[in-house]
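# Observations on the model geometry
This is what each chain is made of:
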Amino acid sequence: MSDKTSNQMWGGRFAAGPDAIMEAINASIGFDKRLAAQDIAGSRAHAAMLAATGIVDSSDAEAIREGLLTVLSEIEAGDFAFSTALEDIHMNVEARLKETIGEPAGRLHTARSRNDQVATDFRLWVRDQCDAAEGGILALMKALLGQAEAGADWVMPGFTHLQTAQPVTWGHHMMAYVEMFSRDLSRMRDARKRMNESPLGAAALAGTGFPIDRQMTAEALGFDRPMANSLDAVSDRDFALEFLAAASICAMHLSRFAEELVIWSSAQFRFVTLSDRFSTGSSIMPQKKNPDAAELIRAKIGRIFGANVALLMVMKGLPLAYSKDMQEDKEQVFDAADNLMLALAAMEGMVKDMTANVANLEAAAASGFSTATDLADWLVRETGLPFRDAHHVTGALVAMAEKKGCDLSDLSLEEMQSVNGTISEGIFDVLGVHNSVASRTSYGGTAPARVREQVARWKEILG
């Protein structure tokens, strides 16, 4: 095969042959430049420690620290020229530092490796994302609390199998998501706490013979302590996986609520009206208002799930310690973090802006014999029937109402007594949807009083 044919097989992008391919597959600067701030923070802490322990002259260390700030300002201003030939953010920063301060730059990498450097940078970045996610979840929870407080006594259908089951309150439904997202908040906080150990000083894999002070660098970077095993420090990415796992569960909750908003805003339900800021019109059907933000949240969640699986697949077969496979640990985490924050912000906006159609909610709550369970419970409480017998009586009354084309509350007392003679006028006290929800006063129940208690509790917790 001729060289010309061989080059053609590489394709246009790699016309230069294997060298171009190796540079492209080996370089990570295209995505890990997002770690610039964390990389420079880690290097500044490392330089300060090298000076404090006498490993590097203090004047050199100070020149390094000041030079790194100059490099950071160039990056933040968009004036930094990233080079693929220098592979990654670490080498790009170090090369520019050498151009800026000269010979002292070569002392920065004393007593460390790119292995512990990247592990530190990535931990710092993921830790920041946990903090950002915490803020996004808290904002969404507060938006949900606002809806719950406003609609603590608005009645709507509660569903199982997407079939009308029992009446609940709007506030109760909103508070269900407050509880879900509170657990997501807890998972993010737990993940952050567990990942808050410093890999810096583990060097390539075995530690270093230099008299470094790992406690000093850990404290400077806001870590609780140094990691206790150098092999573990450079070779595991469970901190990123735990973030992705927490993000995936949170994303699942977002997707469930997004699905409900798509259904609720449809012409068939008309439970909510979404604001124009989070909806779009049709190019040819002027009557339509599409819940695009909710649909996009529902779709983007797949990218977060995919990132979780992708990183698990990268890590599952790697022997200790570092392997180049682990360069593939970042892109999917970056993408997942971006999409989680976008989905949280979009959902918060939709929740704050949406309007519940209270009359439609109540009309739907009263349909589908939603108070049948209340009738059965009343028979147990007031007539002493065993629940199974009460269930049978209620079924017969539902069949009667269905045949007449009316609701249970529209049946006359005489009609009900034709099925069971012990039924009295008091049955009508429980058949209305407002009576139904008001009676559900057990802890965690849908009664407006219970909902307001939970709203008050969470407002106090969240401040």
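A few points on the structure. If you're wondering where the values come from, they're calculated on a predicted model, not measured in any experiment.

What counts, and at which threshold
- Residues numbered from 1 in each chain as written.
- Predicted model: local features only at pLDDT ≥ 70, side-chain atom pairs only at ≥ 80, totals over all residues.
- Heavy atoms only, no water.
- Salt bridge = Lys/Arg side-chain N within 4 Å of Asp/Glu carboxyl O.
- Helix = DSSP H or I, 4+ residues; strand = E, 2+ residues; numbered from the N terminus.
- Buried < 20%, exposed > 50% of the residue type's maximum accessible area, 1.4 Å probe, protein only.
- Core = buried A, V, L, I, M, F, W, Y, C linked by side-chain atoms within 4.5 Å.
- Contact = heavy atoms within 4.5 Å.

It is worth spelling out the pattern of salt bridges at this point. Counted by the stated rule, this structure contains 23 salt bridges. In this structure, R96 and E99 form a salt bridge, with 3.0 Å as the shortest nitrogen-oxygen distance. Taken together, the positions of R96 and E99, both in helix α6 (residues 89–101) and 3 residues apart, correspond to about one turn of that helix. Looking at R96, the relative accessible area reads 27%, which means it is partly exposed. Classification of E99 as exposed rests on a relative accessible area of 60%. Put simply, D353 and R277 hold a salt bridge, and the shortest N to O gap is 2.6 Å.

Backbone torsion omega between L320 and A321 reads 10°, so that peptide bond is classified as cis. Note on placement: A321 falls in the loop between α12 (292–315) and α13 (331–353). The phi angle at H161 is positive, at roughly 60°, despite the residue not being glycine. With respect to the secondary-structure elements, H161 resides in the loop between β1 (155–160) and β2 (163–169). The backbone phi angle of R270 is positive, close to 55°, even though this residue is not glycine.

The next thing to look at is the nonpolar core. The biggest cluster of nonpolar side chains holds 93 residues, and the ones touching the most others in it are L254, F257, W264 and M347. If we skip the residues at most four places from it in the chain, W264 touches M156, W170, H173, M174, F257, F269, R270, F271 and V272. Of all hydrophobic cores here, the second largest spans 21 residues; its members include L375, C406, I427 and L431.

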